[in-house]
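The residues making up each chain are set out below.
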Amino acid sequence: MKIIRKNEKGLTLVEILAALVILGIVLVSFMSFFTQSAKFTTYNYEKLTAVQVAEDVISNVREKGLVSSDYRTRYPQYTIEIVSSNGPTPNLKRAIITVKSAQGTRSKQPEFKTEMYYEVPDE
């Protein structure tokens, strides 16, 4: 009498295809996470750079006590708007500073807006 032994140590084609489908679904979800993460990082980089430019503008305005227009040459990749108005007292002025990234950046033109008061010397 012959004894027939079945060798069942391998994987079937169906098992391999099922494993590939599951692995593909997991990889696609992870890849979308990395794509979103890269977009978020780019946006935050642009936003933080705009904040740094605004802080530089604020320090110059406080130092000089006036609103200067030389920021277009210092920061050509940003649109900087400074709107000055009277403050609560005669020797204080109010400035609203808006910094926008240029159109050529990778993100959707983040904007940073801040408001400050600066002292005007008595005349």
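All of these numbers come straight from a predicted model, not from anything done at the bench.

Asker: Which residues make up the sheet that holds strand E1 (residues 78-86), and what values go with them?
Answerer: Ordered by their spatial adjacency, 3 strands build an open sheet running E1-E2-E3, and the pairing between neighbours is antiparallel. Looking at the sheet topology across the chains shown, the edges are occupied by E1 and strand E3 (111-119). For this sheet the average axis-to-axis angle between neighbouring strands, irrespective of direction, equals 20 degrees. Two elements, E1 and strand E2 (residues 92-101), share 9 bridges in a ladder whose sense is antiparallel. Within the sheet, the bridge partner assigned to Ser85 lies in E2 and is Arg94. The strands touched by helix H1 (residues 13-64) are E1, E2 and E3; relative to E3, the strand with the most contacts, the crossing angle is about 15 degrees.

Asker: Explain H1 to me, using residue names and the numbers behind them.
Answerer: Its 52 residues give H1 an end-to-end C-alpha distance of 76 Å, which sits within 8% of 76 Å, the value for a rise of 1.5 Å per residue. All of the buried residues in H1 are Thr42, Glu46, Thr49, Ala50, Val51, Val53, Ala54, Asp56, Val57, Ile58, Asn60 and Val61.

Asker: A description of the nonpolar core should follow, citing residues and the corresponding values.
Answerer: Counting residues in hydrophobic clusters, the biggest one holds 17 residues, and the most contacted among them are Val57, Ile80 and Val99. Where this core is concerned, the elements lending two or more residues are H1, E1, E2 and E3. Among the elements that take part in this core, H1 stands out by supplying 6 residues, more than any other.

Asker: Could you give an account of the side chain of Thr98, with specific residues and numbers?
Answerer: Topologically, Thr98 is positioned in strand E2. Classification of Thr98 by relative accessible area gives buried; the value is 6%. With near-sequence residues (within four places) excluded, Thr98 lies in contact with Thr79, Ile80, Glu81, Glu111, Phe112 and Lys113.

Asker: Run through a nonpolar patch on the surface, naming residues and quoting values.
Answerer: Residues Leu11, Leu13, Ile16, Leu17, Leu20, Leu23 and Leu27 make up a contiguous nonpolar surface patch of roughly 710 Å² in combined accessible area. Mapping Leu20 onto the fold places it in helix H1. Accessibility expressed as a relative area gives 51% for Leu20, which makes it exposed.

Asker: Before we move on, could you go through the side chain of Thr42 and cite the residues and values that matter?
Answerer: Looking at the secondary structure, you find Thr42 in helix H1. Given the relative accessible area of 19%, Thr42 is considered buried. Among the polar contacts made by the side chain of Thr42, one reaches the main-chain carbonyl oxygen of Ala38 at a distance of 3.0 Å.

Asker: How would you explain the confidence of the model for the protein chain if you had to name every residue and give the values?
Answerer: On average, the protein chain scores 80 in pLDDT, and the residues at 70 or more come to 80%. The least confident element of the protein chain, judged by mean pLDDT, is helix H2 (residues 71-74) at 74; the most confident is H1 at 86.

Asker: A description of the pattern of salt bridges should follow, citing residues and the corresponding values.
Answerer: The tally for this structure, following the rule as stated, stands at 1 salt bridge. Here Arg94 and Glu115 are joined by a salt bridge, their closest N and O atoms 3.1 Å apart. Placement of Arg94 in strand E2 and of Glu115 in strand E3 is noted, with a sequence separation of 21 residues between them.

Scoring rules and cut-offs
Residues numbered from 1 in each chain as written. Predicted model: local features only at pLDDT ≥ 70, side-chain atom pairs only at ≥ 80, totals over all residues. Heavy atoms only, no water. Pairing = 2+ DSSP bridges. Helix = DSSP H or I, 4+ residues; strand = E, 2+ residues; numbered from the N terminus. Axes fitted to C-alpha atoms, helices over the stretch in contact; angles between N-to-C directions. Contact = heavy atoms within 4.5 Å. Expected span 1.5 Å × (residues − 1). Buried < 20%, exposed > 50% of the residue type's maximum accessible area, 1.4 Å probe, protein only. Core = buried A, V, L, I, M, F, W, Y, C linked by side-chain atoms within 4.5 Å. Patch = residues over 30% accessible without salt bridge, like charges linked within 9 Å, V, L, I, M, F, W, Y side chains within 5 Å. Areas by Shrake-Rupley, 256 points an atom, 1.4 Å probe, with all protein chains shown as cover. Salt bridge = Lys/Arg side-chain N within 4 Å of Asp/Glu carboxyl O. Polar contact = N/O pair within 3.5 Å; in protein donor to acceptor, adjacent residues only side chain to side chain. pLDDT = per-residue confidence, 0-100.

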